[in-house]
Amino acid sequence: MVKDQLKKSVGWAALQYILFSRVIGVGTGSTVTYFIEALNSVKDKIEGVVSSSNHSSNQLKKLGIPLYNLNSLHELDVYFDSADEIDIHMQMIKGGGGALTKEKIIAAAAKKFVCIVDSSKQVNILGRGPVPIEVIPMARSFVARELIRLGGLPEYRHNMITDNGNNILDVYNMKITNASLLETKINNIPGVVSVGIFAQRRADIVLIGTKDGIKTIIS
């Protein structure tokens, strides 16, 4: 219950970074759900949203917030999303909800990435939990073997098909001493669509919901 309150508070705090009369990017996850609820209070002041998942899109549609395709935009000013883990360098692990590929695309396209999390998501070194990886189905076993070579313990996420029609491997036991290098190595495995390490495109602003209020970190 306390964690939900922290997620709600940070979701509402993120509204201050919205540029009105523009299209914004919105991610996926329980914290983002609270942000979308807050977004409903200013929906008449924005042009619309580029969404990273069907789940978020459905929530936005129910609120009557217009949806845009990223291909129709010349630029995107700001993207709001949460993280499964975030370190002191504003690098993240994302993909617990399976939307990591679209999240990574929108984050890369946006001029500014605002990450909203509760304090439980903070880590000193990434890798406390699994690293999600989206893979093309026919390559799943091959990719898993390559991940074992890198020291990981991959597990197939059963009953999970991504919005792109692919599979998810959750990789445990990853020693992430150089997040950017590991991101590159995994992305270079044939069959990998995207890895949930966000080091090369890290957050620009992090809002952290704590029991003492909102903590803001700016790169």
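Residues numbered from 1 in each chain as written. Predicted model: local features only at pLDDT ≥ 70, side-chain atom pairs only at ≥ 80, totals over all residues. Heavy atoms only, no water.

Chemist: What exactly am I supposed to notice about the sheet that holds strand β13 (residues 213–218) here?
Modeler: Paired through backbone hydrogen bonds, the strands of a sheet run either parallel or antiparallel to each other. Read across the sheet, six strands follow the order β2-β1-β3-β6-β12-β13 without closing on themselves; strand pairing throughout is mixed. Of all strands in the sheet, those bounded by a partner on one side alone are β2 (48–51) and β13. When the angles between neighbouring strand axes are averaged without regard to direction, this sheet yields 20°. (Pairing = 2+ DSSP bridges. Helix = DSSP H or I, 4+ residues; strand = E, 2+ residues; numbered from the N terminus. Axes fitted to C-alpha atoms, helices over the stretch in contact; angles between N-to-C directions.)

Chemist: Mind showing me how you'd approach the packing of aromatic side chains here?
Modeler: The description of an aromatic ring pair rests on the distance of the ring centres and on the angle between the ring planes. Under the defined criterion, the tally for this structure stands at two aromatic pairs. Both rings, one in phenylalanine 35 and one in phenylalanine 80, keep their centres 4.7 Å apart while their planes meet at 25°; by these two values the pair is stacked. Of the two residues, phenylalanine 35 is situated in helix α2 (residues 30–39) and phenylalanine 80 in strand β3 (residues 76–81); the sequence distance between them amounts to 45 residues. Accessibility assignment for this pair places phenylalanine 35 and phenylalanine 80 in one class, buried. Their ring planes at 45° and their centres at 5.2 Å tell us that tyrosine 79 and phenylalanine 113 sit as a pair that is tilted. Note that tyrosine 79 is positioned in strand β3 and phenylalanine 113 in strand β6 (residues 110–118), a separation of 34 residues in sequence. (Phe/Tyr/Trp six-rings, centres within 6.5 Å; stacked < 30°, edge-to-face > 60°. Buried < 20%, exposed > 50% of the residue type's maximum accessible area, 1.4 Å probe, protein only.)

Chemist: Can you walk me through the environment of leucine 63 in this structure?
Modeler: Of note, leucine 63 is situated in the loop between α3 (54–62) and β3. Since its relative accessible area comes to 21%, leucine 63 is described here as partly exposed. The spatial distance from the C-alpha of leucine 63 to the C-alpha of isoleucine 189 is 40 Å, given a sequence separation of 126 residues. With sequence-adjacent residues up to four places away left out, leucine 63 is seen in contact with Ile36, Asn40 and Lys43. (Contact = heavy atoms within 4.5 Å.)

Chemist: In this structure, what is going on with the sheet that holds strand β9 (residues 167–172)? I would like to understand it.
Modeler: A sheet is described by the order of its strands in space; here four strands give the open sequence β8-β9-β7-β10, paired in antiparallel fashion. Looking at the sheet topology across the chains shown, the edges are occupied by β8 (153–156) and β10 (192–195). Strand-to-strand twist in this sheet, taken as the mean axis angle between neighbours without regard to direction, amounts to 30°. Note: β8 against β9, four bridges, orientation antiparallel. Paired with proline 154 across the bridge in β9 is valine 171. Against the sheet, helix α5 (residues 140–149) makes contact with β7 (131–135), β8, β9 and β10, and its axis sits at roughly 15° relative to β9, the strand it touches most. Where helix α6 (residues 179–187) meets the sheet, its contacts fall on β7 and β10, and the angle it forms with β10 comes to roughly 165°.

Chemist: Sorry, what's going on with the side chain of glutamate 103 here?
Modeler: Relative to the assigned elements, glutamate 103 resides in helix α4 (residues 100–109). With sequence-adjacent residues up to four places away left out, glutamate 103 is seen in contact with Thr28, Ser52, Tyr79, Asp81, Lys94, Gly95 and Phe198.

Chemist: Where do I start with the nonpolar core in this structure?
Modeler: Looking at soluble globular proteins, one finds that nonpolar side chains tend to be buried together. Counting 24 residues, the largest nonpolar core has Ile18, Ile24, Phe35, Leu39, Phe80 and Leu207 as the members making the most contacts within it. Broken down by element, the residue count for this core peaks at five residues, all from α2. When near neighbours in sequence (up to four residues on either side) are disregarded, isoleucine 24 contacts Ile18, Leu19, Phe35, Leu39, Ile46, Gly48, Val49, Val50, Leu76, Val78 and Phe80. Among the nonpolar cores identified, the runner-up in size contains 22 residues, and Ile93, Ala139, Val143 and Val195 belong to it. (Core = buried A, V, L, I, M, F, W, Y, C linked by side-chain atoms within 4.5 Å.)

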